[in-house]
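The chain contents come next:
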Amino acid sequence: MGSYDEADSGNIVVINDYEDSQPATPPMEQPKVVGAAAAQAPIISSYNDKIRPLLDVIDRLRLLMVMKEGIQLPTIVVVGDQSSGKSSVLESLAGVNLPRSQGICTRVPLIIRLQNHASPRPELYLEYNGKMVPVEEPQIATAINNATDEVAGPGKSISNIPLTLVLRKDGVPDLTMVDLPGITRVPVHGQPDNIYEQIRDIIMQYITPKESIILNVLSATVDFSTCESIRMSQQVDKNGERTLAVITKVDRAPEGLVDKVTADDVNIGLGYVCVRNRIGDESYEEARKEEARLFETNAHLSCIDKSIVGVHVLAQKLVQIQSKAIAKCLPEIVKNISAKLDANVSELEKMPKALTSIADATQAMMRIIQAAKESLKKLLWRGEFDEYPEDNTKHGTARFVEMLNRFSDELHNCEESNLSKDFLTEEIKVLEDVKGIELPNFLPCEAFLRILRRKVERISYLPIKFTEKYWDYVDDVVMSVLTRHSEMYYHLKVAAKGAAHNLVQKLREQSINWVKEIAEMEKLTGYTCNPDYMMEWNKLMNQKDHFINQISGTNMRPLPCSVNLQGFGEIQVEHLRQHSNVSILQQAFDLKMRMVAYWKIFKELMGPEGHGIEKMLVESPAVVAKREKLKNSIKVLKESKDSVAKIMDRIVLYDAYLV
């Protein structure tokens, strides 16, 4: 026998008295203890006050599907080989007819929530696929079969999507159990070849958590050690500390059963209970009477200790074991819920807020651009690498030094840098070529320029090569930084990377052209300049004098309230006349025009009326899904935490009651 039996025998009697004191409870009826039940009425009331809230809160957490958040709950998991009598045991506990058939009759996990209810009319309903379907008691088996077909499909295939049967009925024990498909190794027609593996995976998923209580249903007609359900439970509960065995079909193999349940060769730590299930058209009341008569009169079964026989004993043990498990696990459940809630809230706070307007989108885009700009300054200018401490490929200033050193080595080691090779040969030849009329002691200018041109031409590929490598590296760093800062917004990432790449390529081309121009300047002694930015700025600045005069001119009365500027239209100027320092106005105008000219680089990112920005800031479906998942998870965890908090103080009272 397991540790729950002897130490808790007093408590089991109390539960027995409690159940027997209830009216209209044929499955659990024990007439000979009714008197004791009346004497124990205050204790019964105390038991109900302490235990029922614990069961209610666990059922509430299960209804909230908190287990999907990784929070394990104490659960009675019913397992057994095919045709071991699992469904019959559950029928005896619930007092209702469950589906029966040849082969697998349980094809999905069936969560059975039994609640003792004083109402004379039972309340039954099924929960599945987000629906709650009321069911009449005579049709419960049909309703379960129909729901199973909807969840797992017609035929004989199985599914891991659970159904929940809620039964509120006078006289049933307060229990929540999960009935799993019976174990079979040989697939029948209509079943997949890997049916055993599918069933095994479902069972292992439910019985592996240490919070699970394993109710192992065994037929008296088989060798317990050969049962597949025993092998599975031993894998996760080697010492049987959370395994209770129910022996069915005792009337078929009564001989030697007493030895099998007392020897315990398979480590059933919570002990055994032998039962006789309903046969044929027996009523549940008739079945209980036949069960009592069998264990009283059968020569072999009457030798079994009465503390481990009968459906009523099984109900008592399950209620007691479940209650203790809940009281033991609840503090850890509270801790895990709080930890998960805090982690989810923290993760949600780190996510960018959802954008609901063009203004939000514009602000978010500017924040991203500013952050990327700051990162690039650190990497390519200031030499700060805190954002990429381990990735030295992003340490821009250090990489620039390496590239410059390689360029310097190549430049100094090239053939043109060898001053001693063919000393004066080229110079003499050039002087001969340009020999003509000249002033004494003056070298011909053409000779110098010809040698210069040749030398510059021969080395001009080196700075161009260096410039190309430089901008290739800058492009890689810019793309990486933009990707990092805009990861949450796919459209912005694509647009920003495209615009940035185009800008880098434009600057790359400009730099290469500048290098070529520098080389040409060395050959031609002439200089050129790219006028793009200066032309735009100069065009805007041509309006400065007119603008300043319109604000502070002395020959104009009255002064206009607005001024028309090309590129801006009519603008109000009254508020500017409070500034008497014309120099400040001029500087401000200059700064404004520079900003306008510079701002043109953003046109690739801007759509008409800002809608281009709004589209770019649309989050990826993965980010939206993650945010919604976190929000839903936080809602479930908060409700779970509130539900548990309301009854935490009862645990201390319950522990004191059990002593």
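Here the structure is a predicted model, which is why all the values come from computation and not from measurement.

Enquirer: Would you explain the overall build of the protein in this entry?
Expert: A tally of helices and strands in the protein yields 23 helices and eleven strands. Across the 659 residues of the protein, 45% fall into the buried class.

Enquirer: Just checking my understanding: could you explain the layout of surface pockets for this structure?
Expert: Gaps left between atoms show up when a probe the size of a water molecule is rolled over them. When its volume is computed, the second largest pocket comes out at roughly 800 Å³. Along the walls of the second largest pocket sit 26 residues, with Arg62, Met65, Lys68, Ile111 and Pro162 positioned nearest its centre. Among the secondary structure elements, those contributing two or more residues to the lining of the second largest pocket are helix 4 (41–63), strand 1 (75–80), strand 2 (110–116), strand 3 (123–128), strand 4 (131–134) and helix 7 (195–207). Tallied by class, the residues present in the lining of the second largest pocket amount to 13 nonpolar, eight polar and five charged.

Enquirer: How should the side chain of Glu211 be read in this particular structure?
Expert: Of note, Glu211 is situated in the loop between helix 7 and strand 7 (212–219). Side chain to side chain, Glu211 and Lys210 meet in a polar contact 3.2 Å long. Beyond its immediate sequence surroundings of up to four residues, Glu211 is in contact with Gln72, Leu73, Pro74, Thr75 and Cys329.

Enquirer: Help me out: how do you make sense of the packing of helix 12 (residues 358–382) against helix 16 (residues 461–485) in this one?
Expert: Taken N-terminus to C-terminus, the directions of helix 12 and helix 16 make an angle of 140°; their axes are 9 Å apart at the nearest point. Comparing the axis directions of helix 12 and helix 16 gives the class oblique. Relative to helix 16, helix 12 is oriented so that their crossing is right-handed. Seen from helix 12, the contacting residues are Ile368, Ala371, Ala372, Ser375, Leu376, Leu379 and Leu380; seen from helix 16, they are Tyr473, Val474, Val477, Val478, Val481, Leu482, Arg484 and His485.

Enquirer: I tried to follow helix 19 (residues 544–552) on my own but got confused; where do I start?
Expert: An α-helical segment advances 3.6 residues per turn. Residues three or four places apart therefore align on the same side. Within helix 19 the residues assigned to the buried category are Phe547, Ile548, Gln550 and Ile551. One face of helix 19 carries all of its buried residues, which in axial projection span an arc of 160°.

Enquirer: When you look at the pairing of strand 6 (residues 175–179) in this model, what are you seeing that I'm missing?
Expert: The element strand 6 is largely enclosed, with a buried count of five among its five residues. Here strand 6 shows a buried face lined by Leu175, Met177 and Asp179 and a second buried face lined by Thr176 and Val178. Pairing analysis gives five bridges linking strand 2 to strand 6, with the strands arranged antiparallel. Within strand 6, the residue paired with Ile111 across the bridge is Val178.

Enquirer: Can you walk me through the nonpolar core in this structure?
Expert: Nonpolar side chains tend to gather and get buried jointly when the protein is soluble and globular. Core analysis: the largest hydrophobic core is formed by 44 residues, its most contacted members being Leu93, Met177, Leu314 and Leu318. The element that contributes the greatest number of residues to this core is helix 11 (residues 311–350), accounting for eight residues. Residues Phe400, Met403, Phe466 and Val474 belong to the second largest nonpolar core, which totals 24 residues.

Enquirer: Explain helix 6 (residues 140–152) to me, please; I cannot follow it from the model alone.
Expert: The end-to-end C-alpha separation of helix 6 is 18 Å, in line with the 18 Å expected for 13 residues at 1.5 Å each. Every buried residue of helix 6 is listed here: Ile140, Ala143, Ile144, Ala147, Thr148, Val151 and Ala152. On an axial view of helix 6, the arc spanned by its buried residues comes to 140°, and they lie on one face. Elements that come into contact with the buried residues of helix 6 comprise strand 2, strand 3 and strand 5 (163–169).

Enquirer: Just checking my understanding: could you explain the environment of Leu54 for this structure?
Expert: Mapping Leu54 onto the fold places it in helix 4. Taking the C-alpha atoms as reference points, Leu54 and Ser323, 269 residues apart in sequence, are found 7.3 Å from one another.

Enquirer: What's the story with the sheet that holds strand 8 (residues 243–248) in this structure? I'm lost.
Expert: Strand pairs in the sheet, formed through backbone hydrogen bonds, run parallel or antiparallel to each other. One open sheet accounts for nine strands, arranged 4-3-5-2-6-1-7-8-9; its pairing is mixed. Of all strands in the sheet, those bounded by a partner on one side alone are strand 4 and strand 9 (272–274). In this sheet, neighbouring strand axes are inclined to one another by 20° on average, regardless of whether the strands run parallel or antiparallel. Relative to strand 6, strand 1 runs parallel, the two sharing three bridges. Residue Val78 lies in a different strand from strand 6, and its bridge partner there is Asp179. Here helix 7 sits on the sheet in contact with strand 1, strand 6 and strand 7, set at roughly 150° to strand 1.

Enquirer: Teacher, can you tell me more about the confidence of the model for the protein here?
Expert: Do not read the fine detail of predicted coordinates wherever pLDDT is low. For the protein, the average pLDDT comes to 75, and 74% of its residues sit at 70 or higher. Across residues 1–47 the pLDDT falls below 50, and counting only partners more than four positions away or on other chains, this stretch makes 81 contacts in the model. Contacts from residues 525–530, a stretch scored under 50 in pLDDT, to residues over four places away or in other chains number seven contacts.

Enquirer: Can you walk me through the environment of Arg399 in this structure?
Expert: Counting through the fold element by element, Arg399 comes out in helix 13 (residues 396–413). As a C-alpha pair, Arg399 and Tyr473 span 74 residues in sequence and 8.8 Å in three-dimensional space. The residues touching Arg399, leaving out its near neighbours within four places in the chain, are Asn392, Thr393 and Tyr473. A distance of 2.8 Å separates a polar atom in the side chain of Arg399 from a polar atom in the side chain of Glu402.

Enquirer: Is there a simple way to explain the environment of Ala292 in this structure?
Expert: Assignment of secondary structure puts Ala292 in helix 10 (residues 284–297). In this structure Ala292 comes out as partly exposed when scored by relative accessible area, which is 43%. Taking the C-alpha atoms as reference, Ala292 lies 9.5 Å from Val275; in sequence the two are 17 residues apart.

Each value, and the rule that gives it
- Residues numbered from 1 in each chain as written.
- Predicted model: local features only at pLDDT ≥ 70, side-chain atom pairs only at ≥ 80, totals over all residues.
- Heavy atoms only, no water.
- Helix = DSSP H or I, 4+ residues; strand = E, 2+ residues; numbered from the N terminus.
- Buried < 20%, exposed > 50% of the residue type's maximum accessible area, 1.4 Å probe, protein only.
- 1 Å grid on protein atoms, 1.4 Å probe; cavity = no way out; pocket = protein on both sides within 12 Å on 5 of 7 lines; lining within 4 Å.
- Points joined across faces, edges and corners; volume = space filled by probe spheres on them.
- Nonpolar A, V, L, I, M, F, W, Y, C, P; charged D, E, K, R; others polar.
- Polar contact = N/O pair within 3.5 Å; in protein donor to acceptor, adjacent residues only side chain to side chain.
- Contact = heavy atoms within 4.5 Å.
- Axes fitted to C-alpha atoms, helices over the stretch in contact; angles between N-to-C directions.
- Parallel < 35°, antiparallel > 145°, perpendicular 65-115°, else oblique.
- Left-handed = near helix turned anticlockwise from the far one by under 90°.
- Arc of directions from axis to C-beta.
- Pairing = 2+ DSSP bridges.
- Core = buried A, V, L, I, M, F, W, Y, C linked by side-chain atoms within 4.5 Å.
- Expected span 1.5 Å × (residues − 1).
- pLDDT = per-residue confidence, 0-100.

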